[in-house]
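In case you want the letters, here they are:
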Amino acid sequence: MNEEQLKRMESGKGFIAALDQSGGSTPKALKTYGIDSSAWHNDEEMFDIVHQMRTRIITSPSFTSEHILAAILFENTMNRTIDGMPTADYLWQRKGIVPILKVDKGLAEEKDGVQLMKPMPQLEELLDSAVKHHIFGTKMRSVIHEANSKGIKDIIDQQFEVGMKIGHHGLVPILEPEVDIHCPEKEKAEELMKAEIMKHLKDLPKECKLMFKVTIPSVDNFYSDLMQDPRVVRVVALSGGYSQAEANEKLARNHGLIASFSRALAQDLRVNQTDAEFNATLKDAIDKIYAASIA
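Given the structure is predicted, the values throughout are model-derived calculations rather than measurements.

**Describing the UniProt feature "active site" (unreviewed entry) in the protein**
Right, on to step 1. Following the UniProt record, one finds the feature "active site" (unreviewed entry) at Glu176 and Lys213. Their sequence span is 38 residues, while the largest C-alpha to C-alpha distance among them is just 4.6 Å; these annotated residues converge on one region.
Right, on to step 2. Here Glu176 is to be found in strand S8 (residues 172–179).
Right, on to step 3. With respect to the secondary-structure elements, Lys213 resides in strand S9 (residues 210–215).

**Looking at the pairing of strand S11 (residues 258–261)**
Right, on to step 1. Side chains of S11 alternate between two faces, with Ile258 and Ser260 and Ala259 and Phe261 buried alike.
Right, on to step 2. For strand S1 (residues 15–19) and S11, the ladder comprises 2 bridges, and the chain directions are parallel. What sits directly across from Ala17, in S11, is Phe261.
Right, on to step 3. Here 2 bridges tie strand S10 (residues 232–238) to S11, and the two strands are oriented parallel to one another. Directly across from Val236, in S11, lies its bridge partner Ile258.
Right, on to step 4. For the handedness criterion, the β-α-β arrangement of S10, helix H10 (residues 244–252) and S11 is classed as right-handed.

**Some remarks on the packing of helix H2 (residues 26–33) against helix H3 (residues 43–59)**
Right, on to step 1. Between H2 and H3, the least distance of the axes is 11 Å, while the angle of their chain directions is 55 degrees. With respect to H3, the axis of H2 lies oblique. Seen from above, H2 lies across H3 with left-handed handedness. Listed contacts from H3 to Thr26, Pro27, Leu30 and Tyr33 of H2 are Met46, Phe47, Ile49, Val50, Met53, Arg54 and Arg56.
Right, on to step 2. Tallied by class, residues from the contact of H2 with H3 come to 8 nonpolar, 1 polar and 2 charged.

**Some details on the nonpolar core**
Right, on to step 1. In terms of nonpolar packing, the biggest core is built from 82 residues, with Phe63, Phe160, Met193, Phe212 and Leu265 touching the most fellow members.
Right, on to step 2. Dropping the residues within four chain positions of it, Leu265 is found in contact with Phe15, Ala17, Leu19, Leu282, Ala285, Ile286 and Ile289.

**Some words on a negative patch on the surface**
Right, on to step 1. A contiguous patch of negative charge, built from Glu109, Glu110, Glu146 and Glu185, is present on the exposed surface.
Right, on to step 2. Mapping Glu185 onto the fold places it in the loop between S8 and helix H8 (186–201).

**So, the packing of aromatic side chains**
How two aromatic rings sit relative to each other is given by the distance of their centres and the angle of their planes.
Right, on to step 1. Scanning the entire structure with this criterion turns up 3 aromatic pairs.
Right, on to step 2. Judged by centre distance (5.5 Å) and plane angle (45 degrees), the ring pair of Phe47 and Phe74 falls under tilted. Of this pair, Phe47 sits in helix H3 while Phe74 sits in the loop between strand S2 (68–73) and helix H4 (75–78), and the two are 27 residues apart along the sequence.
Right, on to step 3. Residue Phe74 is classed as buried on the basis of its relative accessible area, which comes to 14%.
Right, on to step 4. Seen from their ring centres, Phe222 and Tyr223 are 5.0 Å apart, and the 75 degrees between their planes marks the pair as edge-to-face.
Right, on to step 5. The ring of Phe278 carries Arg56 above its face, with NZ or CZ at 4.1 Å from the centroid.
Right, on to step 6. Sitting over the ring of Phe222, Lys194 keeps its end group 3.9 Å from the ring centre.

**Some words on helix H5 (residues 87–95)**
Right, on to step 1. When H5 is considered as a whole, its buried residues turn out to be Thr87, Ala88, Asp89, Tyr90, Leu91 and Lys95.
Right, on to step 2. Residues of H5 that are buried make contact with H3, S2, H4, strand S3 (81–82), strand S4 (85–86) and strand S5 (98–102).
Right, on to step 3. Looking at the residues trailing H5, positive phi occurs at Gly96, about 75 degrees.

**Considerations on the packing of H3 against H5**
Relative orientation and spacing of two packed helices are given, respectively, by the angle between their axes and the distance between those axes.
Right, on to step 1. Relative orientation of the contacting elements H3 and H5 amounts to 10 degrees, with a least axis distance of 11 Å. When the axis of H3 is compared with that of H5, the two are roughly parallel. Counting all contacts with H3, which are made through His51, Ile58 and Thr59, the residues of H5 involved are Thr87, Tyr90, Leu91 and Lys95.
Right, on to step 2. The residue makeup of the contact of H3 with H5, split by class, is 3 nonpolar, 3 polar and 1 charged.

Rules used in this analysis
Residues numbered from 1 in each chain as written. Predicted model: local features only at pLDDT ≥ 70, side-chain atom pairs only at ≥ 80, totals over all residues. Heavy atoms only, no water. UniProt positions renumbered as here; feature names shortened; annotations may be inferred. Helix = DSSP H or I, 4+ residues; strand = E, 2+ residues; numbered from the N terminus. Buried < 20%, exposed > 50% of the residue type's maximum accessible area, 1.4 Å probe, protein only. Pairing = 2+ DSSP bridges. Right-handed = clockwise from strand over helix to strand, strands pointing away. Axes fitted to C-alpha atoms, helices over the stretch in contact; angles between N-to-C directions. Parallel < 35°, antiparallel > 145°, perpendicular 65-115°, else oblique. Left-handed = near helix turned anticlockwise from the far one by under 90°. Contact = heavy atoms within 4.5 Å. Nonpolar A, V, L, I, M, F, W, Y, C, P; charged D, E, K, R; others polar. Core = buried A, V, L, I, M, F, W, Y, C linked by side-chain atoms within 4.5 Å. Patch = residues over 30% accessible without salt bridge, like charges linked within 9 Å, V, L, I, M, F, W, Y side chains within 5 Å. Areas by Shrake-Rupley, 256 points an atom, 1.4 Å probe, with all protein chains shown as cover. Salt bridge = Lys/Arg side-chain N within 4 Å of Asp/Glu carboxyl O. Lys, Arg positive; Asp, Glu negative; His and termini not counted. Charge placed at Lys NZ, Arg CZ, Asp CG, Glu CD. Phe/Tyr/Trp six-rings, centres within 6.5 Å; stacked < 30°, edge-to-face > 60°. Lys NZ or Arg CZ within 6 Å of the ring centre and 35° of its normal.

Below, the structure is given as structure tokens:
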């Protein structure tokens, strides 16, 4: 574990840029950017195009460590280069931004009101590769659709089980049990989820380090006690389908909770923008998300 990166993640001001759209979500991200599916013929061509988009974001003069603590990468992005450097090395050495890797393989079918993560049979190999690429931590997502106590327990059990495997590689896992913003009993689901998280946390050794990525809660400052646990490096928030303005407004009411936004960060970026327009648009988004994160 890189101690300088750990210190930055524990106490630095800023937010996490989520640039980890994978095979399933990449076409939608590219369509928002202004590129439709006729622009590629296979996955490799699609990933070439999305890497160009991510490279444009990462190399932008607006994308700096002054406001951005870390960036979450998709495996394909980790394995590529920017200006001749491995992406993670470029982020840390050129930009001072901590590199994080998405490791889940998508969501299983819904059962008991939740979607667990699909099996990850190559997880050990991926984690070994992450270490070689100088990755700091990882992220993995599950989704809670209903306030179902059994389903929520299964979600948290799985997140912690996989998280501990990640920790054994010297990486800091980000556990992401997302509560769908359309969950009919969202507040109750969040209460059940936090109770399960606390049960697991109390059994972990004090030297264990992990993070959480959560939906912005229905009750302001609901995760304040979670943030105080010595094992918890940071609690960050996903935008979860809210517009950038909505997400920022809700985030600003939750002190200590910082953004880890994907769509809300890039929603106004377009492929046909001039560099000046692109950089100004990105700067405006970063400034607003940063302000909400330090509120």
